[in-house]
Number of protein chains: 2
Amino acid sequence: MEHRVEGYGFSRRQLLSLMGKAGGSIAVWHSAQALGLMSTPAEPSRPQGRMLTPLMHKNGTRPSVAVLGGGIGGLSAAFELEQAGYDVTILEASHRIGGRNFTVRAGTVIDELGNRQVCNFDNDPDLYFNAGPARIPAMHLRLMNYCREFAIELEPFINSNYNAWVVDKAINEGQRTRQRDVIADARGFIAELAAKGVSDTSLDAKVTDADLEKLTAYVRDFGDLNPESMRYEGSLRAGLLTDGMLDPIKVKPAGSAKELMNSQFVRNAMLFAENEYQAPSMMQSRGGMDRIVDAFVARLRKPPVTRARVVEIVNRENSVTVHYEQDDKIRTLRADYCLNSIPGQIMAGIKHNFSPRYTQLLGEIKRGMLSKIGFQMSRRFWEDEGIYGGISWTDRSTLQIWYPSHGSHRPKGVVLGAYIFSPDDNAALGRLSHKERLEYALVSGEAVHPGQYRAHMETGVSVVWHRMNHLLGCGSGIGHIGDVFDVEADKIRAQLLGGDGRHFMLGDQVSKHPGWQEGALAVTERVLQTVHQRESARRLSAAS
Amino acid sequence: MEHRVEGYGFSRRQLLSLMGKAGGSIAVWHSAQALGLMSTPAEPSRPQGRMLTPLMHKNGTRPSVAVLGGGIGGLSAAFELEQAGYDVTILEASHRIGGRNFTVRAGTVIDELGNRQVCNFDNDPDLYFNAGPARIPAMHLRLMNYCREFAIELEPFINSNYNAWVVDKAINEGQRTRQRDVIADARGFIAELAAKGVSDTSLDAKVTDADLEKLTAYVRDFGDLNPESMRYEGSLRAGLLTDGMLDPIKVKPAGSAKELMNSQFVRNAMLFAENEYQAPSMMQSRGGMDRIVDAFVARLRKPPVTRARVVEIVNRENSVTVHYEQDDKIRTLRADYCLNSIPGQIMAGIKHNFSPRYTQLLGEIKRGMLSKIGFQMSRRFWEDEGIYGGISWTDRSTLQIWYPSHGSHRPKGVVLGAYIFSPDDNAALGRLSHKERLEYALVSGEAVHPGQYRAHMETGVSVVWHRMNHLLGCGSGIGHIGDVFDVEADKIRAQLLGGDGRHFMLGDQVSKHPGWQEGALAVTERVLQTVHQRESARRLSAAS
């Protein structure tokens, strides 16, 4: 989820550290203020005009591009290239466009190998779940800019909810506990330790009483400590044992620090919404994430070719030939360039004539696995418990239960009953029948909502990405997936992005941000700049 | 905003404290675990049936109730009483129903004494702001239950946004800073101090190495510390100096602990969304908070009487007579009961014959002041900066800028340009002309969005509640307003809630939760139970 800061150059803090005496925050205050340095955030901005300057056309000739794969990477590439004057053909292996941008609703076919499902949710615009990307961080500017341009209606996605539940065997003997209780306690105990740190006798003597007083107040407020004892004795933040509106109140007593220490939730899930791309606010597209797919498709001049399975890529000096199977026939597409978002694990089985070096680089894309299970519930029982959107966390392999951020107080709702990260658990889930998978998730859900979850489940669907036809994975990437500090992976990525002759890889799999649409869009942007620069230069030299 | 825990009885922690040896979190772990106690949260639940059991009617007689004031307190009382068989008349002094549940949109009249405004926003369903209550905490169950019953469409309200700005003279020389920077740094420095606390040599010798290791890991992850040095050296949570999608990244260096210590934001605003009723998730009613008012009014059998200004209340043994002015005539309403939500500060000027004790209690309601300023912006420039909903905080008296949680990426938007809490600042604002008030808020906004804020402002409206006709205040309450531990206030409240003969006060002003609709609903519920019990008993004894 989050990774350590390593090798990011000479930091202000390191400078201060050299100047510090006794160590610790207080000792360096004075020099810190004297330096007066301040981080300059990378500012998002709204783009002006299109990504590529349109090509000049002579006699109507348009350079041709074969785009392999109709996910967000391929769609964005095709859209921008068409806008700049290229002739683009998308070949998509599946019956549907969108790749892992996949909204499951009434009638959706889940094309899993040997386990085809059809979604039986009621036909209702609010009854869906996004089996792939489901939330848009505000800082994902490329995606946000497309949403703005395409006038896709966005609504807030609730990622963190203090009223949602924790089920963790370390806490409260595994009984469900409100996140607000655990969060208030964890902050309280941390602050209590920090208060001890403040009063550490080894502190630099230069610290003034006024500084100490401010620091103490800061620590006290941070954890809502008892101001006299500087001990954590429970907090209103955890809520009350009483109603609190009219009569004298009772605050919940503090929980146990020992329990918290042993809790997965406290170590991971509680910190999750502090992360770079998980902090509020996040958004979703109203009616389903595939509104973005629809918007791209609606703007393409040439519709994508579906059920077109690539079997061979021949990369030549002046063109690329793609052989693909459609309607049991082998067909051929010849193009000036080939941009390829076929998953690395599938490319390994496709014939090609890439250079040995490039072939080796391709092999560095490691397959990721992720699964989601969606349940249609006959009643939004979680809202009776004060839960509107957000995520309950369990220490079981099903990990999370997501409540819909939309459609509050409507009769029914679709919850995400499992979001599975562990490769072993995903592999195990993949071996289960559809029915067994639902049962597996129901057991976890019942621990979070005893007496409610199973009773209100009407129908369910499982999407196990590593078994989905034409994809066979999700969140694939280079090196230690998600480790943005993996320098080796950065080098491999840079080489892959450079392409092999007229062939370039697309998709989030080549980015540092696998499993997110923004990663795919960043790759599209980089690859298109390379291709367009080359093509523009070629035309210029041909014209002179 | 938040208040200290005092005198809430014998806590688990206190018990542990008696059993502890060296003090501090670690020393009490063992006994804490042995006790195995766990807080039992007060569980919200969905109500079954109506609040009051309907009265049995003999010969069609219905007891009559005069409800003074058509805010949420009066409306909810009238609705529930009608459902139970009472004959209810609402007298409302203003031309409009709803009280401080007041949504300002195109054409809305702001009936301020001597400063009448008409809102010039474009006529567009997304262009509004809620001048009174604007967000619904999920734990406000009474209000949520009405929203469910009335099928009011709810949507998420974004209360906390890590991308929004801080303008605080203590930080970054008063230049705007992303909240994510400040929050990551503050947590980091707290954790660094806590790490010092962990390694305190005075720790209980019984703590095992395994415990220490877990505690250290917990503190490290909490603040995203460097795992070797256990120092805070900046965090990905603050975002990056680079794009982060493809190329090697640069993390922002850590800020200054000294600056944070002196920051209002860190001491208050940063902690604000941890509070009981401010933590995620929160909701808003789609299209404006006054959808709730409309829903109550639509369900009333007898429409409220507007422009009816109460001038005298005569409380007798068998009835209450209310004299009111309407169309320059004094009219009279006689009823079996009078439920009164007229603000305490206005009641002070209305003739009545209450008991001296009750009159004194009424005087304990202290007037609150709050103001909001709304601006229609020609462009949603904040979304170009990655801000979708949420609040930017300034250290100026205008305090906050709220961005709309709805209508993202539409051409225009309405921001709340000021939400003023300080009584002095509110008093000062009230003395300014409409134009001067807007200028006052524009200066603050320009500090948060230089070059954008003023340039895109099309029109604005100020709502200064202590100058609004028939209200003259907002967030009024008993004792130290908002201090839920004020035991003296609890006593006064209990007496006021008991009523004086056939007269009872209504509204959030009598609750522990002033300024929130839930406070008003809790008072309605309590008063109605008292009245209904009395009336039911009377009818039973009359029948026997």
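Note that the coordinates shown come from a computational prediction; the quantities given were computed from them, not determined experimentally.

## Here's the deal with the overall build of chain A
From N to C terminus, chain A includes 17 helices and 24 strands. Taking all 544 residues of chain A together, the buried fraction comes to 62%. For chain A, the computed accessible surface area is about 20100 Å², with 50% contributed by carbon and sulfur atoms.

## Side note on the sheet that holds strand S16 (residues 351-352) of chain B
Residues and elements named next belong to chain B. An order of S14-S13-S12-S16 is seen for the four strands of this open sheet, with the pairing classed as mixed. At either end of the open sheet lies a strand with only one pairing partner, and these are strand S14 (329-335) and S16. Relative to strand S13 (residues 320-326), strand S12 (residues 309-315) is paired through six bridges, and the arrangement is antiparallel. Paired with Val310 across the bridge in S13 is Tyr324.

## Let's talk about helix H16 (residues 487-497) of chain A
Residue and element names in this part refer to chain A. Buried within H16 are the following residues: Ala489, Asp490, Ile492, Arg493, Leu496 and Leu497. Down the axis of H16, the sector holding all buried residues measures 165°, keeping them to one side. Turned more than 90 degrees from where H16 packs its buried face, Val487 and Ala494 sit exposed. At the N-terminal end of H16, a side-chain oxygen is found 3.2 Å from the backbone nitrogen of Glu488, two or three residues along, and the residue is Asp486.

## A closer look at the side chain of Ser511 of chain B
Position of Ser511 of chain B among the secondary structure elements: in the loop between strand S24 (503-505) and helix H17 (517-543). Judged by relative accessible area, Ser511 of chain B falls into the buried class, the value being 0%. One polar contact links the side chain of Ser511 of chain B to the main-chain carbonyl oxygen of Asp508 of chain B, over a distance of 2.8 Å. Reaching out from Ser511 of chain B, the side chain makes a polar contact with the backbone nitrogen of His513 of chain B at a distance of 2.9 Å. Sequence-distant contacts of Ser511 of chain B, defined by excluding residues within four places in its chain, comprise Met245 and Leu246 of chain A together with Arg493, Gly519 and Val523 of chain B.

## So, unusual backbone geometry
Residues and elements named next belong to chain A. Put simply, Pro280 and Ser281 share a cis peptide bond, and its omega is 0°. Counting through the fold element by element, Ser281 comes out in the loop between helix H8 (264-272) and strand S11 (282-285). One non-glycine residue with positive phi stands out, namely Asn172, at about 55°. Within the fold, Asn172 resides in the loop between strand S9 (165-167) and strand S10 (177-178).

Rules and cut-offs
- Residues numbered from 1 in each chain as written.
- Chains lettered and ligands numbered in written order.
- Predicted model: local features only at pLDDT ≥ 70, side-chain atom pairs only at ≥ 80, totals over all residues.
- Heavy atoms only, no water.
- Helix = DSSP H or I, 4+ residues; strand = E, 2+ residues; numbered from the N terminus.
- Buried < 20%, exposed > 50% of the residue type's maximum accessible area, 1.4 Å probe, protein only.
- Areas by Shrake-Rupley, 256 points an atom, 1.4 Å probe, with all protein chains shown as cover.
- Pairing = 2+ DSSP bridges.
- Arc of directions from axis to C-beta.
- Polar contact = N/O pair within 3.5 Å; in protein donor to acceptor, adjacent residues only side chain to side chain.
- Contact = heavy atoms within 4.5 Å.

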